[in-house]
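# Commentary on secondary and tertiary structure
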Amino acid sequence: MVSGALQVAGLLIGGIGMIGTFAVTGMPQWRVSAFIEHNIIVFETIWEGLWMHCIRQANIRMQCKVYDSVLALSADLQASRGLMCAGSALSSLAFLVAAVGMKCTRCRQSSWPAKGYILLTAGLLFILSGAITLIPVCWVANTIIKDFYNPAVNVAQKRELGEALYLGWVAAFCLLAAGAIFCCFCRCGEKTRSYGYSAPPHHPLHSQHLHRTTESSYSRSQYV
């Protein structure tokens, strides 16, 4: 009962991380315009994402435009595109593998040791997808912070951390937590199976009968 609830919790956490990874990949709020010093035009907000940049004016209307070329992006955003797509694909694969290996899922000719290995594979995939998602989020955040405190960068070009980065950290944490749950559950399951094996019971009547048979055989050999 507890193991089934733990598997469901891991699957739910992994599903939240998977949905968050997809949302972060498509959101334009990776870099947000900073209102500092002379840049106090608060009625216009600039968002820069992996696929498009948007301009929002006074919470009334918003215009978005897809980037004309990948080469126009900075190195961190170019790498983030591929990493986030890889993280989304791996998180989806991990979710499907975990759903197949759960205790409540029944497949033809499936045994518990096989499902244990399936859950271990799902856990490793969740951890890998969480690490891949965490790399671009931290990379872009580090670039934004360095440019923000760099006096050589123009004030109009300085950006702040967007909502997508915070959501990316939450999604990566959920993926890592789901992976840890499935890996620990598989490990605990292996220990339980190894400890659960015991030798067959030694019945006293069976030992007495064996002893008498041995004595009779010995006595017959002496008479012969």
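Computed from a predicted model, the values in this text were never measured in an experiment.

### Focus on the packing of aromatic side chains
- As enumerated under the stated definition, the model contains three aromatic pairs in all.
- With a centroid separation of 6.0 Å and an interplanar angle of 10°, the aromatic rings of Phe126 and Phe182 are classed as stacked. Residue Phe126 is located in helix α3 (residues 112-148), and its partner Phe182 is located in helix α4 (residues 163-196); the two are separated by 56 residues in the primary sequence. Across the pair, exposure class does not vary: Phe126 and Phe182 are buried alike.
- Seen from their ring centres, Tyr166 and Trp169 are 5.7 Å apart, and the 70° between their planes marks the pair as edge-to-face. With Tyr166 and Trp169 both in helix α4 and three residues apart, this pair spans about one turn of that helix.

### Focus: the UniProt feature "transmembrane region" (unreviewed entry) in the protein
- As annotated in UniProt, the feature "transmembrane region" (unreviewed entry) corresponds to residues 81-105, 117-145 and 165-185 in the numbering used here.
- The span residues 117-145 carries 100% helix and 0% strand; its end-to-end C-alpha distance comes to 42 Å.
- Its end C-alpha atoms 30 Å apart, residues 165-185 is made of 100% helix and 0% strand.

### Considerations on the nonpolar core
- The biggest cluster of nonpolar side chains holds 15 residues, and the ones touching the most others in it are Leu11, Ala98, Leu125, Phe126 and Phe182.
- Contributing elements (two or more residues each) for this core: α2 (75-101), α3 and α4.
- The element best represented in this core is α3, accounting for five residues.
- Ignoring anything within four residues of it in the chain, the contact list for Phe182 reads Gln7, Gly10, Leu11, Ala98, Leu119, Gly123 and Phe126.
- Ranked by size, the runner-up nonpolar core spans 14 residues in total, among them Val24, Trp30, Leu77 and Leu165.

### Overview of the pairing of strand β3 (residues 52-57)
- When strand β2 (residues 44-48) meets β3, the two strands line up antiparallel, connected through five bridges. Its bridge partner being in β3, Trp47 is matched across the sheet by Cys54.
- In sequence, β2 turns back onto β3 through a hairpin of three residues.
- Sheet analysis places β3 next to strand β4 (residues 61-66), joined by six bridges and oriented antiparallel. Looking at β4, one finds that Ile55 is bridged to Gln63.

### Brief notes about the environment of Phe126
- Residue classification places Phe126 among the buried residues on the basis of a relative accessible area of 0%.
- For Phe126 and Phe182, which are 56 residues apart along the polypeptide, the C-alpha to C-alpha distance reads 9.0 Å.
- In contact with Phe126, other than residues within four places in its own chain, are Gly14, Ser91, Ala94, Phe95, Ala98, Leu175, Leu176, Ala178, Gly179 and Phe182.

### Points about the environment of Leu73
- With respect to the element layout, Leu73 can be found in the loop between β4 and α2.
- Since its relative accessible area comes to 9%, Leu73 is described here as buried.
- Put simply, Leu73 and Trp51 are 22 residues apart on the chain and 9.5 Å apart in space, counted from C-alpha to C-alpha.

### Thoughts on the environment of Gly82
- Its place among the elements puts Gly82 in helix α2.
- A relative accessible area of 44% places Gly82 in the partly exposed class.
- Separated by 57 residues in the primary sequence, Gly82 and Thr25 have C-alpha atoms spaced 9.9 Å apart.

Here is what the cut-offs are and how they apply
- Residues numbered from 1 in each chain as written.
- Predicted model: local features only at pLDDT ≥ 70, side-chain atom pairs only at ≥ 80, totals over all residues.
- Heavy atoms only, no water.
- Phe/Tyr/Trp six-rings, centres within 6.5 Å; stacked < 30°, edge-to-face > 60°.
- Helix = DSSP H or I, 4+ residues; strand = E, 2+ residues; numbered from the N terminus.
- Buried < 20%, exposed > 50% of the residue type's maximum accessible area, 1.4 Å probe, protein only.
- UniProt positions renumbered as here; feature names shortened; annotations may be inferred.
- Core = buried A, V, L, I, M, F, W, Y, C linked by side-chain atoms within 4.5 Å.
- Contact = heavy atoms within 4.5 Å.
- Pairing = 2+ DSSP bridges.

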